[in-house]
Amino acid sequence: MAELGNPRNTIEIIQKYEFVFQKKFGQNFLIDTHVLDKIIRAAGITKEDFVLEIGPGIGTMTQYLAEAAGSVCAVEIDKNLIPILSETLADYENVSVLNEDILKVDVAALAREKNGGRPIKVVANLPYYITTPIIMGLFESHVPLESITVMVQKEVADRMKSGPGSKDYGALSLAVQYYAETYLAANVPPNCFMPRPKVGSAVIRLTCHKEPPVQVKDEKLMFRLIRASFNQRRKTLTNSLGNSPEIGFTKEEIGAVLAKMGLSPTVRGEALNLEQFARLADWLSGGI
Ligand code: SAM
């Protein structure tokens, strides 16, 4: 089978199967070999690795992964792509394809079954309409993970790697940074895809922490505080958290904890780093 990853071979296979792109599945296929090489290099794939690919499309990146990895499991929702994948991946014995919705797959069970429960690498050119649920789902369901290397919207990559003081800083930054270290591997313009997306893209690698970078007594409370703080990001913490039914503390109680932490009563959530959200959660869960 000819290598994909260039416009000619991609068009040829699409025409052969009369494949129709489905916007609802976020189908933008990569047609640039330099970008494909960069993704594989950023993910640091070796023959020791089991790789989960989300959304193989016509199998372009899957071919690259199959060459570099020990084995690959590719999960694709669109049943019309399955016969195409049978052809484009026919030469690779180390690839299996599942016709499933990734949000419904028990990835921890898959890692147990296919990789003996050892940490897996996830590599994907993600469907942008479900970037956050996919990534947070992987982190929160305690899948044994070494890293996640993904193509996402440029704006989402910026949010993932931002810190306090940046306009891009928010709940996603804190959630991703609690679980992983971020590294921006490449910016990718729309002309590297077929069809071209309306937005710029970026490849980001999330290398999972062995231990979280901060200790917190009640992780769930910390994430509730983070979400509530950024739901109304222009409000002070006293106003966004105090009397919030999700949080369950009065404005006075929130104000008292902020004072103990040496923070101004008018501070906003966007000024706090992960460590400070962890301390805030500890003060609140320890009782005032
Ligand atoms: N990996 C291919 C490439 O780089 O050319 C295709 C990437 S395309 C941006 C996203 C792929 O994810 C599509 O093939 C789409 O059908 C698939 N997809 C969309 N939603 C999915 C889901 N919920 N579960 C699994 N695959 C999904």
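The structure this text deals with has already been given above.
A. Structural detail: the site of the ligand. Lining the immediate surroundings of the ligand are 23 residues, of which Leu30, Gly55, Glu76, Asn125 and Tyr129 lie closest. Backbone polar atom of Pro56 to a nitrogen atom of the ligand: 3.5 Å apart, as the coordinates give it. In isolation the ligand offers 600 Å² of accessible surface; the protein chains occlude 99% of this area. Classifying every residue of the shell around the ligand gives 12 nonpolar, six polar and five charged.

B. Fine view of the nonpolar core. Within the largest apolar cluster, 66 residues are counted, with the highest numbers of intra-cluster contacts made by Phe139, Met222 and Leu280. Ranked by the residues each element gives to this core, the list is headed by helix α9 (residues 219-231), at seven residues. In contact with Phe139, not counting residues within four places along its chain, are Leu145, Ile148, Val176, Tyr179, Ala180, Leu206 and Cys208. Counting residues in each nonpolar core, the second largest holds 27 residues, with Ile45, Leu85, Leu89 and Ala186 among its members.

C. Representation of the packing of helix α7 (residues 154-161) against helix α8 (residues 171-179). The interhelical angle for the contact between α7 and α8, taken along N-to-C directions, is 65°, at an axis separation of 6 Å. Judged by the twist between their axes, the crossing of α7 over α8 is right-handed. Only Leu172, Ser173, Val176 and Gln177 of α8 make contact with α7, whose side of the interface consists of Val156, Arg159, Met160 and Lys161.

D. Main features of helix α12 (residues 274-285). Compared with an ideal rise of 1.5 Å per residue, which puts 12 residues at 16 Å, α12 spans 16 Å between its outermost C-alpha atoms and is within 8% of the ideal. Leu274, Phe277, Ala278, Leu280, Ala281, Asp282 and Leu284 are the residues of α12 that are buried. Looking at the buried side of α12, the elements it contacts are α8, α9, α10 (237-241) and α11 (251-260).

Calculation notes
Residues numbered from 1 in each chain as written. Predicted model: local features only at pLDDT ≥ 70, side-chain atom pairs only at ≥ 80, totals over all residues. Heavy atoms only, no water. Near = heavy atom within 4 Å. Polar contact = N/O pair within 3.5 Å; in protein donor to acceptor, adjacent residues only side chain to side chain. Areas by Shrake-Rupley, 256 points an atom, 1.4 Å probe, with all protein chains shown as cover. Nonpolar A, V, L, I, M, F, W, Y, C, P; charged D, E, K, R; others polar. Core = buried A, V, L, I, M, F, W, Y, C linked by side-chain atoms within 4.5 Å. Buried < 20%, exposed > 50% of the residue type's maximum accessible area, 1.4 Å probe, protein only. Helix = DSSP H or I, 4+ residues; strand = E, 2+ residues; numbered from the N terminus. Contact = heavy atoms within 4.5 Å. Axes fitted to C-alpha atoms, helices over the stretch in contact; angles between N-to-C directions. Left-handed = near helix turned anticlockwise from the far one by under 90°. Expected span 1.5 Å × (residues − 1).

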